[in-house]
Amino acid sequence: MRKQIAAANWKMNLSYQEAETLLDEILEADIRLEFHQMAIFAVPFPYLIMSRSEVEDEMNYEVAAQNCHHKKSGAYTGEVSVDMLHSIGVNYCIVGHSERREYNAETNAMLADKVNLCLEKAITPIFCCGEPLEIREAGTQNNFVAQQLKESLFHLSAVEIKNIIIAYEPIWAIGTGKTASTAQAQEIHHYLRSVIAGKYGADIANEIPILYGGSVKAGNAKELFASPDVDGGLVGGASLIADDFIEIIKALK
Ligand code: PEP
């Protein structure tokens, strides 16, 4: 079975102490992850080393960075490189979250560079795509997200693309309390998989996890994740509440 993943995106929230407590509460919960299931915590940079050591002895729990820089090294004050993440044992990194695309003017071409740098260091990118409200209202969301994949991922070889996790996150559903319906999520996930299949073949497309993000909650996760092409979620707000994120992990297929 394809990997099923509950990924927490803490964004710029929590003190160090609160972060430790949240991780402890989740890791102490009675969750038995199966071989094909994973939970990933995308935590702020200063908490990566602590979080990594918290999950070290736990099967199928991992830590992710929320971003990396698109250049390898150099005079980029305040930035964090992929090599730095690699040097502290980080294995996953969110790339192209819509908040970074919007507030940091990240382009599809820059994201392609980030993806390349991550893969060079065997860091799995959690590549975010998704349309704004006006594109959804115009009914052109399929073309919009397909273009994001093409411009940031489709230069990869068939071997490389298998190391990508995709997160489809409609921007109008992020942090708004509006969730895509299960049917809307399944429809576009299926479409994205068909676009990947068109380029790399069905076998490879069937191996790539596609997560849904946008107001996933304890109460809607099971229904969303039950769809055949929805392989778990990238979760913002609800991942900051231990009991809620525990339920979301338990909702994985
Ligand atoms: C996100 O930040 O990726 C996200 C989906 O946030 P929320 O779950 O709060 O909508």
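Since this is a predicted model, take the numbers as computed values, not measurements. (Residues numbered from 1 in each chain as written. Predicted model: local features only at pLDDT ≥ 70, side-chain atom pairs only at ≥ 80, totals over all residues. Heavy atoms only, no water.)

> Explanation requested: the packing of aromatic side chains in the structure shown.
In this description, an aromatic ring pair is defined by two values, namely the gap between the centres and the angle between the planes. Applying the stated criterion to the full structure yields six aromatic pairs. Ring centres of Tyr16 and Tyr47 lie 5.6 Å apart, and the angle between their planes is 80°; on these two criteria the pair is classed as edge-to-face. Of this pair, Tyr16 sits in helix α1 (residues 16–28) while Tyr47 sits in the loop between β2 (37–42) and α2 (48–55), and the two are 31 residues apart along the sequence. Accessibility expressed as a relative area gives 34% for Tyr16, which makes it partly exposed. Tyr47 gets classed as buried once you look at its relative accessible area, which sits at 11%. Seen from their ring centres, Tyr168 and Tyr212 are 6.4 Å apart, and the 50° between their planes marks the pair as tilted. Of this pair, Tyr168 sits in strand β6 (residues 165–168) while Tyr212 sits in strand β7 (residues 210–213), placing them 44 residues apart in sequence. Each member of the pair, Tyr168 together with Tyr212, is buried. Each residue in the set Trp10, Phe41, Tyr61 and Phe245 is aromatic and connected to the rest through ring pairs, giving one cluster. (Phe/Tyr/Trp six-rings, centres within 6.5 Å; stacked < 30°, edge-to-face > 60°. Helix = DSSP H or I, 4+ residues; strand = E, 2+ residues; numbered from the N terminus. Buried < 20%, exposed > 50% of the residue type's maximum accessible area, 1.4 Å probe, protein only.)

From the geometry alone we can't say anything about function, so treat these as descriptive.
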